[in-house]
Amino acid sequence: MKLYDMLLSGNCYKIRLFCGLLGLEYETVPIDLAKQENRSPEFLQLNPRGQIPVLQDGEIRLWDSTAILVYLARQYGAPHWLPLEPSALAEVMQWLALAQNELLYGLARARAANLFGRPWDIGQCQELGKRGLAVLEQRLENREWLANGRISIADVACYPYVALASQAGIALDEYRHIGAWLQRIGRQPGYVGMPGL
Ligand SMILES: N[C@@H](CCC(=O)N[C@@H](CS)C(=O)NCC(=O)O)C(=O)O
């Protein structure tokens, strides 16, 4: 398996983390966004959106971290990572949606503005990110995991940008239940970290 990757990308980290948890080996192809390698004609053949991560597994090529998590869960993981029973599947999807909305357009963009000077309004992004954090904090008040009482790709998808919130200029001190959940994920066999955690 080949992962088109950048070390500081939280979206790529979702895939590295999940591969660690599943014990999957892969080869890394580094893509330097600062050098606009993601805009080269060769890379746009892999992902017309010009974004990482991209995964190549044999003949299968996929872009978008959520799609890749779904693929890896069903192809290589135990059923609890993405159960197929309709309401259980939909419960996981709710949190994948939060990861791709409040967490991406809020936390990830505030971090990218802070660290890489991307042209997002930090205050607005932080505001949206905090709305996502409030939803997570409430959800985790009396639960260990986001969906179905088991660890799933919902947790993997939400983890990176929440764990990196300090780089988005948001302290997590007041989010006690989120703090416990982050630690729980950090104790999972096969867990891997990334710079900034
Ligand atoms: N929804 C996509 C977002 C991917 C994304 O935004 N990747 C960033 C790196 S973290 C990227 O490649 N940015 C380059 C660009 O958009 O030009 C996913 O989950 O994979």
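Residues numbered from 1 in each chain as written. Predicted model: local features only at pLDDT ≥ 70, side-chain atom pairs only at ≥ 80, totals over all residues. Heavy atoms only, no water.

**Things to note about the layout of surface pockets**
Computed from the structure, the largest pocket encloses a volume of approximately 900 Å³. In terms of lining residues, the largest pocket is bounded by 29 residues, among which Asn11, Leu33, Gln51, Ile52 and Arg118 are the most central. Breaking the lining of the largest pocket down by element, the ones donating at least two residues are α1 (10-22) and α4 (86-116). The element contributing the most residues to the lining of the largest pocket is α4, with eight residues. Counting residues domain by domain, the lining of the largest pocket receives three or more from each of domain 1 (2-79) and domain 2 (82-186). (1 Å grid on protein atoms, 1.4 Å probe; cavity = no way out; pocket = protein on both sides within 12 Å on 5 of 7 lines; lining within 4 Å. Points joined across faces, edges and corners; volume = space filled by probe spheres on them. Helix = DSSP H or I, 4+ residues; strand = E, 2+ residues; numbered from the N terminus. Domains from an automatic or database assignment.)

**Points about the UniProt feature "domain: GST C-terminal" (unreviewed entry) in the chain**
UniProt records the feature "domain: GST C-terminal" (unreviewed entry) at residues 85-197, using the numbering of this structure. Along residues 85-197 the backbone is 63% helical and 0% strand, and the end-to-end C-alpha distance reaches 34 Å. (UniProt positions renumbered as here; feature names shortened; annotations may be inferred.)

**Here's the deal with the state of the cysteines**
If you walk through the whole model with that rule in mind, you get zero disulfides. No disulfide involves Cys158; its nearest neighbouring cysteine sulfur is the one of Cys12, lying 17 Å away. Given a relative accessible area of 0%, Cys158 falls into the buried group. (Disulfide = S-S within 2.5 Å. Buried < 20%, exposed > 50% of the residue type's maximum accessible area, 1.4 Å probe, protein only.)

**Concerning the packing of aromatic side chains**
In this description, a pair of aromatic rings is defined by centroid distance and the angle of the planes. Scanning the entire structure with this criterion turns up six aromatic pairs. Taken together, a centroid distance of 6.3 Å and an interplanar angle of 70° make the contact between Tyr4 and Phe43 edge-to-face. Placement of the pair is Tyr4 in strand β1 (residues 2-5) and Phe43 in helix α2 (residues 41-46), with a sequence separation of 39 residues. With respect to burial, Tyr4 and Phe43 carry one shared label: buried. When the ring of Tyr159 is compared with that of Tyr191, the centres are 5.9 Å apart and the planes differ by 85°; the resulting orientation is edge-to-face. Within this pair, whereas Tyr159 is found in helix α6 (residues 153-163), its partner Tyr191 is found in the segment after α7 (176-186), the two being separated by 32 residues in sequence. (Phe/Tyr/Trp six-rings, centres within 6.5 Å; stacked < 30°, edge-to-face > 60°.)

**Here we look at the sheet that holds strand β3 (residues 54-57)**
Across the sheet, which stays open at both edges, the four strands sit in the order β2-β1-β3-β4 with mixed pairing between neighbours. The open sheet has two free edges, formed respectively by β2 (27-30) and β4 (60-63), since each of these has just one partner strand. Going from strand to strand, the sheet's axes swing by 20° on average, the running direction of each strand aside. Bridge analysis of β1 against β2 gives four bridges, and the strand direction is parallel. If you follow Asp5 over to β2, its bridge partner there is Pro30. Along the sheet, helix α3 (residues 65-76) makes contact with β3 and β4, crossing β4 at roughly 140°. (Pairing = 2+ DSSP bridges. Axes fitted to C-alpha atoms, helices over the stretch in contact; angles between N-to-C directions. Contact = heavy atoms within 4.5 Å.)

**Quick word on the pairing of β1**
Read as a crossover between parallel neighbours, the route from β1 over α1 to β2 is right-handed. Alignment of β1 against β3, held across three bridges, turns out to be antiparallel. Note that in β3 the partner of Lys2 across the bridge is Gln56. (Right-handed = clockwise from strand over helix to strand, strands pointing away.)

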